Each structure stands twice: as structure tokens, then as C-alpha cells.
Amino acid sequence: MNSNPRVSIPILEGRHELTLIAVPTQEDSFSIEYSVTPPLPEESEGESTVLLVLEARDDLGNEYSDWGGAFGLSDDGNRTDGTVSGQPGLPTDARELYVRFTYLRGGEESSYDLILPIPLTG
């Protein structure tokens, strides 16, 4: 069994790597903890913030709505750490979560499809 089940993919024209760390669940929602290396650019003059939108469904056919999230620069400044949430909560018999992350920036979007094992713990 893999002791590090994290899922990583290149994003944003290969300039960054998205790593999905864990999927903590609550009764009414779930969260996906992630990091992006190197850090996403901060909003500056002439450059817009990168926003993340989540779409998800499980292996049982249930669909989930984006419930917001937050991100910021890590303490060491080497990556962006974030969390994005979905709702409703995951059923206990769900084993996979099919997610689409769409990054929006300056009127452009880039989407990435991933399959996450449930549970995913970092």
C-alpha cells in the first residue's frame, strides 16, 4: 500500500504543480486540502488573482457543489496552501471522488480532472 497517497499534476501551462493532500469530511460537507508549487502569483497591477472552482461527483453518482475555499502563501513562502470545500457531505460508502479543478485568471480558464481515493489522508 502506498504510504503517501497524495495526487500531483502539473497545472497552468506546466509552470506550477498542484498536490492534493487530504480530503477531510464532515457530516454536511468535505474539503480538499492542496498545495501549489511554486506559489500562485498574488494580485498585482496588471495581473489578476488566480481563482479556483470545484466540480465533483462520487463513484455512486452523487454530485457536489463548490462551497468556497481559502488559500494563501505558506509560512516558508515556497508554495500556496489552500482548501476548497464541497457539499453535501460524502456518503460513507463512497470510495472515489471525481473532481474538476478549474483555475480562472484574467478571463482565461484551465481545467484539470482528477480521481481521488476516499479517504485521502496526507
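These notes cover the structure that comes with them. (Residues numbered from 1 in each chain as written. Predicted model: local features only at pLDDT ≥ 70, side-chain atom pairs only at ≥ 80, totals over all residues. Heavy atoms only, no water.)

Scanning the chain for helices and strands turns up zero helices and eight strands. Seen in sequence order, the chain has helices and strands lined up from the N terminus as β-β-β-β-β-β-β-β. Dimensions of the chain, computed from C-alpha atoms along their principal axes, come out at roughly 45 × 30 × 25 Å. Taken over 122 residues, the chain has a buried fraction of 36%. When the accessible surface of the chain is totalled, it reaches about 7100 Å², and 46% of it is carbon and sulfur. Computing the positive centroid from 7 side-chain charges and the negative centroid from 22, the chain places the two 5 Å apart. (Helix = DSSP H or I, 4+ residues; strand = E, 2+ residues; numbered from the N terminus. Buried < 20%, exposed > 50% of the residue type's maximum accessible area, 1.4 Å probe, protein only. Areas by Shrake-Rupley, 256 points an atom, 1.4 Å probe, with all protein chains shown as cover. Lys, Arg positive; Asp, Glu negative; His and termini not counted. Charge placed at Lys NZ, Arg CZ, Asp CG, Glu CD.)

What follows deals with the packing of aromatic side chains. Think of a pair of aromatic rings as described by two things: how far the centres are apart, and how the planes are tilted against each other in angle. By the definition in use, this model includes two aromatic pairs. Note on phenylalanine 30 and tyrosine 64: the rings are 5.3 Å apart at their centroids and 90° apart in plane angle, and the pair reads as edge-to-face. Taken as a pair, phenylalanine 30 in strand S3 (residues 30-37) and tyrosine 64 in strand S5 (residues 63-73) lie far apart in primary sequence, 34 residues in all. Taking 6.3 Å as the distance between ring centres and 65° as the angle between the ring planes, the aromatic pair formed by tyrosine 103 and tyrosine 112 counts as edge-to-face. Judged by its relative accessible area of 3%, tyrosine 103 is buried. A cation sits over an aromatic face here: arginine 57 above tyrosine 98, 4.6 Å from the ring centre. (Phe/Tyr/Trp six-rings, centres within 6.5 Å; stacked < 30°, edge-to-face > 60°. Lys NZ or Arg CZ within 6 Å of the ring centre and 35° of its normal.)

For strand S2 (residues 16-22), a buried count of six out of seven residues is recorded, marking the element as mostly surrounded by other parts of the structure. Relative to S2, strand S1 (residues 7-11) is paired through five bridges, and the arrangement is antiparallel. Of the residues in S2, the one forming a bridge with isoleucine 9 is leucine 18. Count of turn residues in the S1/S2 antiparallel hairpin: four residues, of which leucine 12 carries a positive phi of about 50°. The sheet contact formed by S2 and S3 spans five bridges and is antiparallel. (Pairing = 2+ DSSP bridges.)

To continue, consider the pairing of S5. As defined by bridge partners, strand S4 (residues 51-58) adjoins S5 across two bridges and the pair is classed as antiparallel. Of the residues in S5, the one forming a bridge with arginine 57 is glutamate 63. Two successive antiparallel strands, S4 and S5, enclose a turn made up of four residues, where glycine 61 displays a positive phi of approximately 95°. In the sheet, S5 pairs with strand S6 (residues 80-87) via seven bridges, with the strands oriented antiparallel. Counterpart to phenylalanine 71 in the pairing with S6 is glycine 82. What sits between S5 and S6 in their antiparallel hairpin is a turn of six residues, with glycine 77 showing a positive phi close to 75°.

Right, let's talk about the pattern of salt bridges for a bit. Within the structure shown, the criterion is met by four salt bridges. Between glutamate 13 and arginine 15 there is a salt bridge, with its nearest N and O atoms 2.5 Å apart. A residue is classified by how much of its surface remains accessible, and glutamate 13, at 70% relative accessible area, is exposed. Salt-bridge contacts for aspartate 113 lead to arginine 100; the nearest nitrogen and oxygen are separated by 2.7 Å. Of this pair, aspartate 113 sits in strand S8 (residues 108-117) while arginine 100 sits in strand S7 (residues 96-105); the two residues are 13 residues apart in sequence, bridging distant segments of the chain. The exposure class assigned to aspartate 113 is exposed, which follows from its relative accessible area of 52%. (Salt bridge = Lys/Arg side-chain N within 4 Å of Asp/Glu carboxyl O.)

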